[in-house]
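# Structural characterization, general
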Amino acid sequence: MSSVESHQEHLSQSDPSPSPNSCSSFELIDMDAGSLYEPVSPHWFYCKIIDSKETWIPFNSEDSQQLEEAYGSGKDCNGRVVPTDGGRYDVHLGERMRYAVYWDELASEVRRCTWFYKGDKDNKYVPYSESFSQVLEETYRLAVTLDEWKKKLESPNREIIILHNPKLMVHYQPIAGSDEWGSTPTEQGRPRTVKRGVENISVDIHCGEPLQIDHLVFVVHGIGPACDLRFRSIVQCVNDFRSVSLNLLQTHFKKAQENQQIGRVEFLPVNWHSPLHSTGVDVDLQRITLPSINRLRHFTNDTILDVFFYNSPTYCQTIVDTVASEMNRIYTLFLQRNPDFKGGVSIAGHSLGSLILFDILTNQKDSLGDIDSEKGSVNIAVDQGDAPTLEEDLKKLQLSEFCNVFEKEKVDKEALALCTDKDLQEMGIPLGPRKKILNYFRTRKNSVGINRQTTQSASAVNISKESEFCSSIDDTRNDEYLDVGIGQVSVKYPRLIYKPEIFFAFGSPIGMFLTVRGLKRIDPNYKFPTCKGFFNIYHPFDPVAYRIEPMVVPGMEFEPMLIPHHKGRKRMHLELREGLTRMSMDLKNNLLGSLRMAWKSFTRAPYPALQASETAEETEAEPESSLEKSSDVNADETSAAVKEEVPPINVGKLNGGQRIDYVLQEKPIESFNEYLFALQSHLCYWESEDTVLLVLKEIYQTQGIFLDQPLQ
């Protein structure tokens, strides 16, 4: 007799029904409920490794139905591919594997699930294998049909499953040496619960995503491989961002959804950290890294050094090439998989990722520049450009009469930059013009850095006067402006194959980097060559975020635009704070008014009685005027508050004339200690409903679709 048979004999002898506490409902079961057999409804799951544990996650109802239809179509499943999760994953039905489409990710096992058992440590249910589920289903069918229960089965892992009745099925794990010690399954602790059908287990199954895609947004991450405090990847964080957007579309764009005007916005992550650190730089860094505080140094090498990599010509080229090529590759693949897509494209960047996108957008060509050949206009980072020409430079310096001298000596702009004072003297250039020329090229070289390869060619600048940062060297009339290429490293910026509609920056250090590069002011007429909109979104306690608007309008002090709460109005603690501020100002004004009245009445007390009527009239007029003044003050404060919400100031064309800086409202708990929540504030954007709603509102406004109710 085998050990399994002896084990089953022990089971039959001891009749291991659960204890009264665990199966008190056994006698109360209505047996008529199981008298008729109905086939189980399968649901499809996929397996993901989360925290080093296998977790089975259900497909949404639409995807599961598609997989089931493909499975039951009768065709060969080996070559069958079913797109799921909004087209971001493909399920190879024959392999029972799930593959990511747009990014690199480990393949996940897929399973058609009908029977489940409760896991060990958590209360999540784990599906049995498809083959064993068929055995369980057949046993269950016979038990229901013949009304013969207490069926015992052995799983491939030598685990015993007992079907007591339709509502009570248990699973016993084997214990090593149980036969030698004579133990029975009832002595192995609490049995696991077995469930038939996904409707009998507690699992959250979503309805699915709308098929129609209205807009595509690429999301670029910042430093390091992790994007939040839970050390999740950019893919997982963008999944949260997408989920929040789907929920907000149902709550804030309900009318448009009911009228089938909109579908959804697709957010796709762009990863540049992995290609950068696969260049071998990590091995080189490890050789020179000190052995002490190993974890901290590893964290520094893996995250903070990304900022220094971006300021290195070698690795900056790798980063911008990776970001641009990934966005172009994903866009091309997206169009192949969605041939009916007619929507626009926007881009979003978090932290350093926003700076990368800013530099790429700055170095794109506008539509008129496309007429030029690819040699110099795409490659705006190769050299200083053919224009302004040497003749134009000399004209600016009012030295046009020496053009013939340089032409005779065959000295072009590059050669002139290498000439010394002695060389110019030998060509017959007088002392004054020599000093002007040498100072011009020396200042130009030092202000730009190495080879000034990010300056746009003058042909492109002259074609579009609006797409220009004025240079303090190239235009003496606008000496407060500096060129956008100031301080940027020598790289060749690739070209995007599409024109983004809006650029969203989350927790962005763009303003700081531009200032450090030497850019004192942004020309109000400047705008991205290929992108119409730019929103700088940040949390008030974000230590990495900086403003942009003060660089456009440095002479004015004004607050950023306050992002409305997604439920409307302001957060309660902010309203309370403003209410207290208003009340204190009112008390102050009323107190000053009453003191002013008392002082005037005191000083006028000795006047003769015949002037009493006149004095009374004056005293009656005085409080009225003081009240008018106080009311004027309050009116000014109120109007100032309104102006803060919609300030009538011009912040340039960088965002099409709209405001650029948008600040989130901090939570009440965050306002207690700004420093405590500083790091969390820099990573809060992925799950922020207010941030996502602003993104959706601005995207759909370009299509003429607005919120159901405007937020205040």
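Before any of the text, the structure's been laid out above.
Residues numbered from 1 in each chain as written. Predicted model: local features only at pLDDT ≥ 70, side-chain atom pairs only at ≥ 80, totals over all residues. Heavy atoms only, no water.

### Some details on the overall build of the protein
When its secondary structure is counted, the protein shows 24 helices and 19 strands. Burial statistics for the protein: of 712 residues in total, 46% are counted as buried. Of all intrachain contacts in the protein linking residues separated by at least 6 positions in sequence, the fraction that spans at least 24 positions is 72%. Carbon and sulfur atoms provide 53% of the accessible area of the protein, an area that totals close to 37,900 Å². (Helix = DSSP H or I, 4+ residues; strand = E, 2+ residues; numbered from the N terminus. Buried < 20%, exposed > 50% of the residue type's maximum accessible area, 1.4 Å probe, protein only. Contact = heavy atoms within 4.5 Å. Areas by Shrake-Rupley, 256 points an atom, 1.4 Å probe, with all protein chains shown as cover.)

### With respect to the pairing of strand β1 (residues 43-50)
Pairing of β1 with strand β6 (residues 108-113) involves 4 bridges; the strand directions are antiparallel. When the bridges of β6 are listed, W44 appears paired with R112. Here β1 hands over to strand β2 (residues 53-58) after 2 residues, with D51 in that stretch at a positive phi of 55 degrees. (Pairing = 2+ DSSP bridges.)

### Observations concerning the sheet that holds β6
Through backbone hydrogen bonds, the strands of a sheet pair up, either in parallel or in antiparallel fashion. Taken together, the 6 strands give an open sheet; going across it, the order is β2-β1-β6-β5-β4-β3, and neighbouring strands pair in antiparallel fashion. On the outer flanks of this sheet lie β2 and β3 (81-84), each paired with one strand and no other. Within the sheet, the average angular offset between the axes of one strand and its neighbour, ignoring direction, is 35 degrees. Bridge count for strand β4 (residues 89-92) against strand β5 (residues 97-100) is 4 bridges, and the pairing is antiparallel. Pairing of V91 across the sheet is with R98, part of β5. (Axes fitted to C-alpha atoms, helices over the stretch in contact; angles between N-to-C directions.)

### Concerning the packing of aromatic side chains
Applying the stated criterion across every chain yields a total of 27 aromatic pairs. For the pair Y89 and W103, a centre-to-centre distance of 5.8 Å together with 90 degrees between the ring planes defines the contact as edge-to-face. Of the two residues, Y89 sits in strand β4 while W103 sits in the loop between β5 and β6, which places them 14 residues apart along the sequence. Grouping residues by exposure puts Y89 and W103 together as buried. Put simply, the rings of F241, F267, F506, Y685 and W686 touch in pairs and so form one group of aromatic residues. Sitting over the face of the ring of Y46, R98 holds its NZ or CZ atom 3.7 Å from the ring centroid. (Phe/Tyr/Trp six-rings, centres within 6.5 Å; stacked < 30°, edge-to-face > 60°. Lys NZ or Arg CZ within 6 Å of the ring centre and 35° of its normal.)

### Focus: the pairing of β2
Pairing analysis gives 6 bridges linking β1 to β2, with the strands arranged antiparallel. Directly across from F45, in β2, lies its bridge partner P58.

### Some remarks on the sheet that holds strand β8 (residues 125-127)
Spatially, 6 strands are ordered β8-β7-β12-β11-β10-β9 in an open sheet, and the strand pairing comes out antiparallel. At either margin of the open sheet sits one strand with a lone partner, and together these are β8 and β9 (151-154). For this sheet, the mean angle separating the axes of adjacent strands, direction not counted, is 30 degrees. Pairing of β9 with strand β10 (residues 160-165), which is carried by 4 bridges, proceeds in the antiparallel orientation. Paired with K151 across the strands is L163, a residue of β10. This element, helix α3 (residues 130-146), spans β7 (115-118), β9, β10, β11 (168-172) and β12 (192-196) of the sheet and lies at about 170 degrees to β9.

### Description of the pattern of salt bridges
According to the stated counting rule, one finds 24 salt bridges in the structure shown. In this structure, K151 and E148 form a salt bridge, with 3.9 Å as the shortest nitrogen-oxygen distance. Using a relative accessible area of 41% as the deciding quantity, one classes E148 as partly exposed. The partner of R547 in a salt bridge is E549, and the shortest N-O contact between them spans 2.8 Å. Assessed through its relative accessible area of 23%, R547 is described here as partly exposed. Here the salt bridges do not stand alone but share partners, grouping R88, E209, R242, R264 and E266 into one network. (Salt bridge = Lys/Arg side-chain N within 4 Å of Asp/Glu carboxyl O.)

### Points about the nonpolar core
In terms of nonpolar packing, the biggest core is built from 103 residues, with F218, M327 and F503 touching the most fellow members. Taken domain by domain, this core gets at least three of its residues from each of domain 1 (43-175 + 189-196) and domain 2 (213-364 + 493-567 + 652-703). Of all hydrophobic cores here, the second largest spans 17 residues; its members include L390, C419, I429 and L438. (Core = buried A, V, L, I, M, F, W, Y, C linked by side-chain atoms within 4.5 Å. Domains from an automatic or database assignment.)

### Some points on helix α2 (residues 61-71)
Looking at α2, one finds that the buried residues are D63, S64, L67 and A70. Along α2, the residues classed as buried sweep out an arc of 125 degrees about the axis, all on the same side. Of the surrounding elements, those touching the buried residues of α2 are β1, β3 and β4. Near the N-terminus of α2, the side chain that reaches the backbone nitrogen of E62, with its oxygen 3.2 Å away, is that of N60. (Arc of directions from axis to C-beta. Polar contact = N/O pair within 3.5 Å; in protein donor to acceptor, adjacent residues only side chain to side chain.)

### Brief notes about unusual backbone geometry
Note: most peptide bonds trans; most residues except glycine with negative phi. If you check the backbone angles, R96 has positive phi at about 60 degrees while not being a glycine. Take R96: it is sitting in the loop between β4 and β5. You can call R96 buried: its relative accessible area is 17%. Positive phi outside glycine occurs at S351, with the angle close to 60 degrees. Within the secondary structure, S351 sits in the loop between β15 (344-350) and α11 (352-362). On the basis of relative accessibility, which here comes to 6%, the residue S351 falls in the buried class.

### Quick word on the side chain of T691
If you trace the backbone, T691 turns up in helix α24 (residues 689-701). Since its relative accessible area comes to 0%, T691 is described here as buried. Side-chain polar atoms of T691 contact the side chain of S688, separated by 3.0 Å. Apart from the residues lying within four places of it in its own chain, the contact partners of T691 are F241, F506, I537, L664 and Y685.

### Here we look at the environment of V135
Along the chain, the position of V135 falls in helix α3. The partly exposed category is assigned to V135, whose relative accessible area is 41%.

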